[in-house]
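These are the residues of each chain, in order.
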Amino acid sequence: MGDQMMAGTECPAHENREQAASGCKSVSKADETRVKAMGFLKDKRTPDRFNCRVITRNGKITAEEARAVAAAADLFGSGEITMTARLTMEIQGVPFDQIEPLREYLKEFGLETGGTGAKVRPVVSCKGTTCQYGLIDTFALSEEIHERFYHGYQSVKLPHKFKIAVGGCPNNCVKPDLNDIGIIGQRVPRIDVEKCRGCKVCQIEKNCPMQAAGLTDGKLTIDENICNHCGRCVSRCPFQAVESRYDGYRICIGGRWGKKVSQGRYLNRVFTDREELLTVVEKIILLFRDQGWLGERFADTVQRLGFVNVQRQLLEDAPRK
């Protein structure tokens, strides 16, 4: 099957780079731009080879999908696969004239290529769904965001690329505060003062990773200015003095990683309703579309407009379609 699919290719996928370069035709800049929008990035070492970005939706694929990607790398590329920092997979060394056959092959398995351009990019998710510290179902939320805003907003042109990360807890493994939007799982504790016995060695105080808990006048208190709502104190007290008040999400906006780093800032609410969370995500994207300047990242938009002003619009105004 591989020989048949590669029969019409000028440069067989497994030839070495020097041989390939000597027999391949160069690709025009217009075609390079066109296929980049489809998720095929030029391999600078070659005249006609591209690296194909395969979207994983939420950083998780099935065994069947993994086999399909591996087979595609053999059939249409160099036989090599790399992982990107944003949890997509790249099939290396795809000749220009094999791009469409590769896309059709992946489509048979429900896989797609893409993830470039001045639009909402594929979502990055930690494995909070299965992680011992995870407070939310990150896989499900990320896939919903992927469908609603990566697929649903494909035609929405933004001033620049726009990245979203979903983290299951304040450990921040996916660096949500370095994304345009970061979503972080929260577990807000509640102290039942009547049950607090003012233990000499308080288990809550002892185990709080943020050192936000302590005894005041013989009773447990938690400093809300320090607490990051990781939830590790919940149910740790042997007298059930600390239980969960509610679970929810925090949103961080205006982060950026790269040549010019900006740390995002948290909106001053913990959202408990998933639909409300997604509504705010939509409002953020639309605010960037409407008020961002061409070529600026969202971090610059927030700085230019002022965080207080942006937060007011996001938390008070109705979404603008």
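Definitions and limits used
Residues numbered from 1 in each chain as written. Predicted model: local features only at pLDDT ≥ 70, side-chain atom pairs only at ≥ 80, totals over all residues. Heavy atoms only, no water. Salt bridge = Lys/Arg side-chain N within 4 Å of Asp/Glu carboxyl O. Helix = DSSP H or I, 4+ residues; strand = E, 2+ residues; numbered from the N terminus. Buried < 20%, exposed > 50% of the residue type's maximum accessible area, 1.4 Å probe, protein only. Pairing = 2+ DSSP bridges. Axes fitted to C-alpha atoms, helices over the stretch in contact; angles between N-to-C directions. Contact = heavy atoms within 4.5 Å. pLDDT = per-residue confidence, 0-100. Parallel < 35°, antiparallel > 145°, perpendicular 65-115°, else oblique. Left-handed = near helix turned anticlockwise from the far one by under 90°. Nonpolar A, V, L, I, M, F, W, Y, C, P; charged D, E, K, R; others polar.

1. Here's the deal with the pattern of salt bridges
For step 1, the next point in the chain: For the structure shown, the criterion picks out 19 salt bridges.
For step 2, the next point in the chain: With a shortest N-O distance of 2.6 Å, Glu 144 and Arg 274 are connected by a salt bridge. Taken together, the residues Glu 144 in helix α6 (residues 138-151) and Arg 274 in helix α8 (residues 274-291) connect sequence positions 130 residues apart.
For step 3, the next point in the chain: Arg 274 sits in the partly exposed class, given a relative accessible area of 28%.
For step 4, the next point in the chain: What you see here is one network of salt bridges that share partners, running through Glu 144, Arg 148, Arg 274 and Glu 275.

2. Describing the sheet that holds strand β4 (residues 89-95)
For step 1, the next point in the chain: The four strands lie next to each other as β1-β2-β4-β3, forming an open sheet whose pairing is antiparallel. In this open sheet, the two strands that pair with only one neighbour each are β1 (40-42) and β3 (81-83). Put simply, the sheet's adjacent strands are angled 35° from each other on average, direction ignored.
For step 2, the next point in the chain: Relative to β4, β3 runs antiparallel, the two being bridged by three bridges. Bridge assignment links Met 83 to a residue of β4, and that residue is Met 89.
For step 3, the next point in the chain: On top of the sheet, helix α4 (residues 63-76) reaches β2 (49-54), β3 and β4; it is set at about 15° to β4, its chief contact.

3. A word on the confidence of the model for the protein chain
For step 1, the next point in the chain: On average, residues of the protein chain score 91 in pLDDT, and 91% of them are at 70 or above.
For step 2, the next point in the chain: This stretch, residues 1-22, has a pLDDT under 50; its non-local contacts, to residues over four places away or in other chains, come to 39 contacts.

4. A short note on the packing of α8 against helix α10 (residues 307-316)
Each packed pair of helices is defined by two parameters, the angle between the axes and the distance between the axes.
For step 1, the next point in the chain: Running from N to C, α8 and α10 cross one another at 130°; their axes reach a closest spacing of 9 Å. Regarding the angle of α8 to α10, the classification is oblique. Relative to α10, the crossing made by α8 is right-handed. In this structure, α8 uses Val 280, Lys 283, Ile 284, Leu 287 and Gln 291 to contact α10, whose residues at the interface are Val 310, Gln 313, Leu 314, Leu 315 and Glu 316.
For step 2, the next point in the chain: A breakdown of the residues in the contact of α8 with α10 according to their chemical character gives six nonpolar, two polar and two charged.

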